[in-house]
Amino acid sequence: MDKRGPIVIARHGRLRTGHPLLGLLRLLGIALAVVAVSAASIGGFAVWDVASNVKQGIHLAKLPGQTDAPPPDIGAIEGGVNLLLVGTDTRTDQGGAFSSKAELAGSSGAGNNDVTMLMHIAEDHKSATVVSFPRDLMIPVPSCPRTGGGSYPALSTAMFNSTLARGGLSCVVLTVEKMTGLKIPYAAMISFDGVIAMSNAVGGVTVCLATPIKDVYTNPALNLPAGQVTLVGAQALSFLRSRHGVGDGSDLGRISNQQVFLAALTRKVTSGGVLANPIQLYSLAKAAVNALQLSDTLTKPTTMVEIAIALRDVGLGNLVFLQYPTATDPANQNRVVPIASAAAVLNAALVADRPLQLSGDLGRAAVADPTATTVPTPTETSATGTPTPTESASSAVVLPSAITGQTAAQQTCSSKSR
C-alpha cells in the first residue's frame, strides 16, 4: 500500500459543473427574511413551508481544538462568516441525460468536488471574498472521518477534487481549513439538478459573451452567439460546466468564466428587480432549500437570514471573486500546485480579516466589457451604482499579481481566448 494511505481515484475525462451559489445563498436568506416579517397569513405559511423542506444537515468535523459555532441571534450574524460552497459532479439520481451508463461511469456516488468556493464575509460586514479552488490542485489532505466510524489517514499530497469522494463534505472543509488557516463552520453542497432549479428560480442570468461560445462536450451542447445572452435552466448548467468553450480550455479558464456569471448574478440581485419581487424570492427560497444539502449549522432558516443580512452592506466593489493562486505542477503538467508566496499573502489577509484588492489580471476566460458605462473600482458601490470611497477600501491588502479575478462591480465578458 502507498505509505500515504489509500488513494481515491478521480476521473477527469468528463466535464464538471460550476455553481452560482454566492448570489443564490444570499437570495435564500433574504427571501426567508421577507416572508418571516410579513404580516399576511401567506407569509407565515411560506416560512413553515420553506423550513419544512430543509434536509437534515451534514455534521462537519473539526480540527483539534475547534469548538462548535455559537447559536446565532436574529439580525445580522455576529462577526465574520466563512462558508464553503461545494458542487458535486455526481450523476447519481440526477435523471434525464445524466442517467446513461456513460454518464454514471464518469462520476457516481458522492462524486468529486469539482467546484469549490469559499465565501468569507468580513467581521464588519463591509467586504466579502469568494475564493475558487481549482479541481486539479495538488495539496496535503488531513485525516478525514469515515461515515461508518474511524477515519482516513492524512495524505502528503492528493488531488483537491478527490476530497469529497474520500470523506464527504467534512473532508473538503477540513482540507480548505488546512490550506487557508481559517475555521469554516458552514458548508453547503449542490448537484446538477439543483443548479438547474436555482437558475430557473432566479429567472436566468444575462451574461456578456465577447466571442461565440461553442462546446459539444456539455449536455446540452452549447452554441451561443457573441453579445448579451440570458442563461437559464440546463443551458445555464452547461455554461457553468464548460471548459472547451471558454478561455484556453482549462479548468482555470472555467473558473473565470464562472466569475463572469457570478458577478452578473450579483449585480442582478442588487439592482432591485429580484429583491422587489416577493413571489420570485419565495420561489427561490424553496428551490434553494430543495436543491442544497446543508451542514447542520445551516439548517435553521434564521441562520440563512442572518448571513444574508451580514451581506446586505457589502458594496459591489468590495465583493471580490478570485482564484486561489496556482502554477503548473512540475511533476505533472495536467495538475497545478499552490504558488506558496502568493497563497501566504492571501491566507494571512483572510485570517486577519482584511479587505482585499486585486492587482492582477482578469481570469483566463474573462475580458473587460467594452460597452461598460462605469469604471469599476475596489470601493463600495451605492444603490445608484456610483462607487464611493470606504474605510474598507483604504485598508485593503493589495494581493500579488499572480492572483487573478474581479469584483462584482466589474462588468466583464466571457471569451474563448484572450
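Every value quoted in this text rests on a predicted model; they were computed, and no experiment measured them.

**Digging into the overall build of the protein chain**
Scanning the protein chain from terminus to terminus reveals eleven helices and 23 strands. Split into buried and exposed, the 418 residues of the protein chain put 54% on the buried side. For the protein chain, the exposed surface amounts to about 16,700 Å²; the carbon and sulfur share of it is 56%.

**Looking at the pattern of salt bridges**
Summed over the entire model, instances satisfying the criterion amount to three salt bridges. One salt bridge connects Arg364 with Asp248, and the closest N-O pair in it is separated by 2.7 Å. Here Asp248 lies in the loop between helix H6 (233–241) and helix H7 (251–270) and Arg364 lies in the loop between strand E17 (356–357) and strand E18 (366–368), a separation of 116 residues in the sequence.

**A closer look at the confidence of the model for the protein chain**
With 69% of its residues at a pLDDT of at least 70, the protein chain reaches an overall mean of 77. Taking the mean pLDDT of every element in the protein chain, the minimum, 43, falls on helix H1 (residues 21–37) and the maximum, 98, on helix H10 (residues 340–351). Here residues 26–45 scores under 50 on pLDDT; set against residues more than four positions off or in separate chains, the count is 38 contacts. The low-confidence segment residues 91–95 (pLDDT under 50) makes 17 contacts with residues lying over four places distant or belonging to another chain.

**Topic: the environment of Tyr186**
Relative to the helices and strands, Tyr186 is located in strand E8 (residues 186–190). With relative accessibility at 7%, the residue Tyr186 sits in the buried group. In the structure, Tyr186 is positioned 13 residues away from Val173 in sequence and 8.8 Å away in space, judged by C-alpha atoms.

**Let's talk about the packing of aromatic side chains**
All chains considered together, the criterion is met by three aromatic pairs. Their ring planes at 35° and their centres at 5.2 Å tell us that Phe133 and Tyr324 sit as a pair that is tilted. With a gap of 191 residues between them, Phe133 in strand E3 (residues 128–133) and Tyr324 in the loop between strand E14 (319–323) and strand E15 (326–329) connect regions that are remote in the sequence. A single burial state applies to Phe133 and to Tyr324, both of which are buried. Residues Phe239 and Phe261 carry aromatic rings whose centres are separated by 6.3 Å and whose planes lie at 40° to one another, so their mutual orientation is tilted. Taken together, the positions of Phe239 in helix H6 and Phe261 in helix H7 put the pair 22 residues apart, joining distant regions of the chain.

**Quick look at the sheet that holds strand E12 (residues 227–231)**
The strand order across the open sheet built from four strands is E12-E9-E23-E18, with neighbouring strands paired in mixed fashion. A strand with exactly one partner marks an edge of an open sheet, and here the two such strands are E12 and E18. Across the sheet, the mean angle separating the axes of adjacent strands is 50° when strand polarity is ignored. Pairing geometry for strand E9 (residues 205–209) and E12, over five bridges, is antiparallel. Counted as the bridge partner of Val207 is Val229 from E12. Of the strands in this sheet, E9, E12 and strand E23 (412–414) touch H6, which is tilted by about 120° from E12. Contacts between H7 and the sheet are confined to E9, E12, E18 and E23, with E9 contributing the most and set at about 130° to the helix.

Rules and cut-offs
- Residues numbered from 1 in each chain as written.
- Predicted model: local features only at pLDDT ≥ 70, side-chain atom pairs only at ≥ 80, totals over all residues.
- Heavy atoms only, no water.
- Helix = DSSP H or I, 4+ residues; strand = E, 2+ residues; numbered from the N terminus.
- Buried < 20%, exposed > 50% of the residue type's maximum accessible area, 1.4 Å probe, protein only.
- Areas by Shrake-Rupley, 256 points an atom, 1.4 Å probe, with all protein chains shown as cover.
- Salt bridge = Lys/Arg side-chain N within 4 Å of Asp/Glu carboxyl O.
- pLDDT = per-residue confidence, 0-100.
- Contact = heavy atoms within 4.5 Å.
- Phe/Tyr/Trp six-rings, centres within 6.5 Å; stacked < 30°, edge-to-face > 60°.
- Pairing = 2+ DSSP bridges.
- Axes fitted to C-alpha atoms, helices over the stretch in contact; angles between N-to-C directions.

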